[in-house]
Amino acid sequence: MQAVETLKEKFSESILNESICAGQTTVQVKKESLVDLLLFLKSDFNFRKLIDLTAVDYIKETKVLYWLENPTTLERIRIIVSVMRGEKLPSVIELWPGANWYERELFDMFGVGFLGHPDLKRILMPDHWVGHPMRRDYALGEEPVEFKYGVKPKCPSEIIPHVK
Amino acid sequence: MLNDLADDIMELNLGPQHPSTHGVLRLKLKLNGEYVVSAEPVIGYLHTGIEKECESRTYTQVFTLVDRIDYLSGPAEEQAFAGAVEKLMALEVPERAQTIRVLLLELSRIASHLVWVGTSALELNMSSVYMYAFAEREKILDLFEEMSGARMFPSCWRIGGLAYDTPVGFEEQVRKFLKHFPEMWKDLDALLTDNYVWRTRLEGVAIIDKQRCEDYLCTGPVLRGAGVPYDIRKVYPYLTYKDYSFDIPTRPQGDAFARYEVRMEEMKESASLIEQALNKLKPGPVIVDNRKVALPPRRELVRSMEAVIHQFKLVSEGLHPPVGDFYNCVESSRGELGCYVVSDGSNKPYRVRVRSPSFPHVEVLKEALVGHLLSDVVVGIASVDPILGDVDR
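Residues numbered from 1 in each chain as written. Chains lettered and ligands numbered in written order. Predicted model: local features only at pLDDT ≥ 70, side-chain atom pairs only at ≥ 80, totals over all residues.

Caption draft 1: The overall build of chain B, seen in detail. Counting its regular elements, chain B contains 18 helices and 8 strands. Whereas a compact globule of 393 residues would reach a radius of gyration of roughly 21 Å, chain B reaches 22 Å, a difference of no more than 12%. Along the first, second and third principal axes, the C-alpha set of chain B runs to 90 × 45 × 30 Å. With 393 residues in all, chain B has 49% of them scored as buried. Looking at chain B alone, contacts between residues at least 24 apart form 68% of all its contacts between residues at least 6 apart. (Helix = DSSP H or I, 4+ residues; strand = E, 2+ residues; numbered from the N terminus. Rg over C-alpha atoms; globule rule 2.2 N^0.38 Å. Buried ≥ 20, exposed ≤ 12 C-beta atoms within 10 Å, placed from the backbone. Contact = placed C-beta atoms within 7 Å.)

Here it is, written out as structure tokens:
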């Protein structure tokens, strides 16, 4: 993809990794230059649509993913930025006002903070909730189903064990 | 004294328990007289934590969960998830299974739009439209029941195909439905499109134009109602959609009436897609012939030890997609529905993310409702067709 080649030239220091998995292009970048890079993609390469903003938790770090789309060439690109627990990311509300709720969801579910967000509070969980449920070390909180005759069943998620 | 009150801003809490909020949506409204000054949607009342729960279930068990996110278009959710895992495992779904999937997807699209048109009309006190629409939707649910035994969620999707083939006589029943559907569509059209009340209540309300759609990540009928011919079935074709001929209905106005017209046209397109799918339906297998992915057929179990081992492994452990991640998007009744699956090589997904189309559509309401009358708020909410299960996940 031409955009990736140009990115590699222009932001050579901040691009950590570039990969293609099953035809989907992914670029991993440093968080310092995230907003500049997204703005560059949006203005110069017409990646002006944000498709999704989500995260995957890896206990120590959280990877935040931005899907962008160029509506004329119908190319999609995924920008990944990794944050350590407790670190904050710059907000992209200036670029896409709709990212407001997506960032609130990431804050609620993963505990990722966003600098420059006007109203960063919980969105799906109640306001007084403690913890961030989508983190991998957050327990599922399920109970075994009770049966008669003192049979001690397993929790639903343990019936089929996790097999690597 | 009345003049003093005229400039007062009144705060009004609409919902979460309100029949016109399509579930449990809460709106914090600020009103100047009858006019909305600001609207803040508050969500989370239907948060189920399905994404979290998916991480502790096997890939086959996830189907039952993702179904219930957007409870009016279960097949689309299943297709989004199945497509992502099939892409990760590089599986080729048999043609018959793909055609049946298209058929069920389009049936569910009609059912979902019928619920939308029925409930939206009911909110404007047109209960006869509601009755017509729900009676027709019931026929589709009967077809689902015939197919899978379940009315709302025909959870017959499996990784690599379908759990079972269509029952005897299913095709004739779908044809019977198709024969009657255009008449019913004309009735709905005659009741609403040129209805003076319906038009005046919908036209010019909750305008979401092209720029606002881009700012707020809107897709589906909302985007097409703003004049953009964008449909995932056309731009990123999945299943066998590129072999079908269908149009993308659009309207340039971007108001509630435009979105109504787009949905009505889409129902017609879906009916034509179902007919094309029926004509394409050829006998054949409905699931891949890979014993590491699909259960062996029943008749093999009594003869082959190998088959018993495969059956046991698949049921007690499940399948193992290779390490990787894939984002698969489909066009649900509400817009782009994406499923992002991260696999770490184990029998349970590391992360399942559902990009729900309704989530940004509720967010955009805070812009779209401003300046309208309080009575138009109800029309505005209905016009983006939010499913709160889909918003809160």
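Caption draft 2: Inspection of helix α17 (residues 374-383) of chain B at higher detail. Residue and element names in this part refer to chain B. Most of α17 is tucked away, with 8 of its 10 residues classed as buried. The set of residues buried in α17 consists of Asp 376, Val 377, Val 378, Val 379, Gly 380, Ile 381, Ala 382 and Ser 383. One or two residues past the end of α17 sits Asp 385, with phi positive at roughly 55°.

Caption draft 3: Summary view of the pairing of strand β2 (residues 24-29) of chain A. Residues and elements named next belong to chain A. Bridge analysis of strand β1 (residues 15-21) against β2 gives 6 bridges, and the strand direction is antiparallel. Across the sheet, Glu 18 pairs through a bridge with Val 27, a residue of β2. Note: β2 against strand β5 (residues 75-84), 5 bridges, orientation parallel. The residue of β5 that forms the bridge with Gln 28 is Ile 80. (Pairing = 2+ DSSP bridges.)

Caption draft 4: Structural context of the sheet that holds strand β7 (residues 335-343) of chain B. All names here are of chain B. The strand order across the open sheet built from 3 strands is β6-β7-β8, with neighbouring strands paired in antiparallel fashion. Each edge of the sheet is formed by a strand with only one pairing partner; in this case those strands are β6 (324-332) and β8 (351-355). Across the sheet, the mean angle from the axis of one strand to that of its neighbour is 15°, orientation sign disregarded. Both β6 and β7 contribute to a ladder of 9 bridges, which runs antiparallel. When the sheet's bridge partners are listed, Asn 328 is paired in β7 with Cys 339. Strands β6 and β7 of the sheet are contacted by helix α4 (residues 74-88), whose axis makes an angle of about 150° with β6. (Axes fitted to C-alpha atoms, helices over the stretch in contact; angles between N-to-C directions.)

Caption draft 5: How the structure looks around the interface of chain A and chain B. The interface of chain A with chain B comprises 27 residues on the first partner and 37 residues on the second. Mapped by element, the contributors of at least two residues to the side of chain A that touches chain B are β3 (49-58) and α3 (99-110) of chain A. The element best represented in the side of chain A that touches chain B is β3(A), accounting for 5 residues. Split into classes, the residues belonging to the side of chain A that touches chain B amount to 17 nonpolar, 6 polar and 4 charged. (Nonpolar A, V, L, I, M, F, W, Y, C, P; charged D, E, K, R; others polar.)

Caption draft 6: Up close: the pairing of strand β1 (residues 9-14) of chain B. Residues and elements named next belong to chain B. Across the 6 residues of β1, 0 count as buried, placing the element largely on the outside. Looking at chain direction, β1 and strand β2 (residues 26-32) are connected through 6 bridges and run antiparallel. Its bridge partner lying in β2, Asn 13 is registered against Lys 28.

Caption draft 7: Region of the structure containing helix α7 (residues 170-192) of chain B. All names here are of chain B. Under the 1.5 Å per step criterion, the end-to-end length of α7 is 32 Å for 23 residues, consistent within 8% with the ideal 33 Å. Helix geometry: α7 is bent most strongly at Phe 181, by close to 30°, with proline Pro 182 lying one to four residues after it. Next to the buried residues of α7 lie α5 (95-123), α6 (127-148), α8 (196-202) and α12 (256-280). (Expected span 1.5 Å × (residues − 1). Bend = angle between axes of the 7 residues up to and from the residue.)

Caption draft 8: Molecular detail of the packing of α6(B) against α7(B). All names here are of chain B. As a packed pair, α6 and α7 sit with axes 10 Å apart at the nearest point and diverge in direction by 165°. By the angle class used here, α6 and α7 are roughly antiparallel. Crossing of α6 against α7: the hand is left-handed. Along its contact with α6, which presents Val 129, Tyr 132, Ala 133, Glu 136, Lys 139, Leu 143, Glu 146 and Met 147, the element α7 presents Phe 170, Gln 173, Val 174, Phe 177, Met 184, Asp 187, Leu 188, Leu 191 and Leu 192. (Parallel < 35°, antiparallel > 145°, perpendicular 65-115°, else oblique. Left-handed = near helix turned anticlockwise from the far one by under 90°.)

Function cannot be inferred from these measures alone, as they are strictly geometric.
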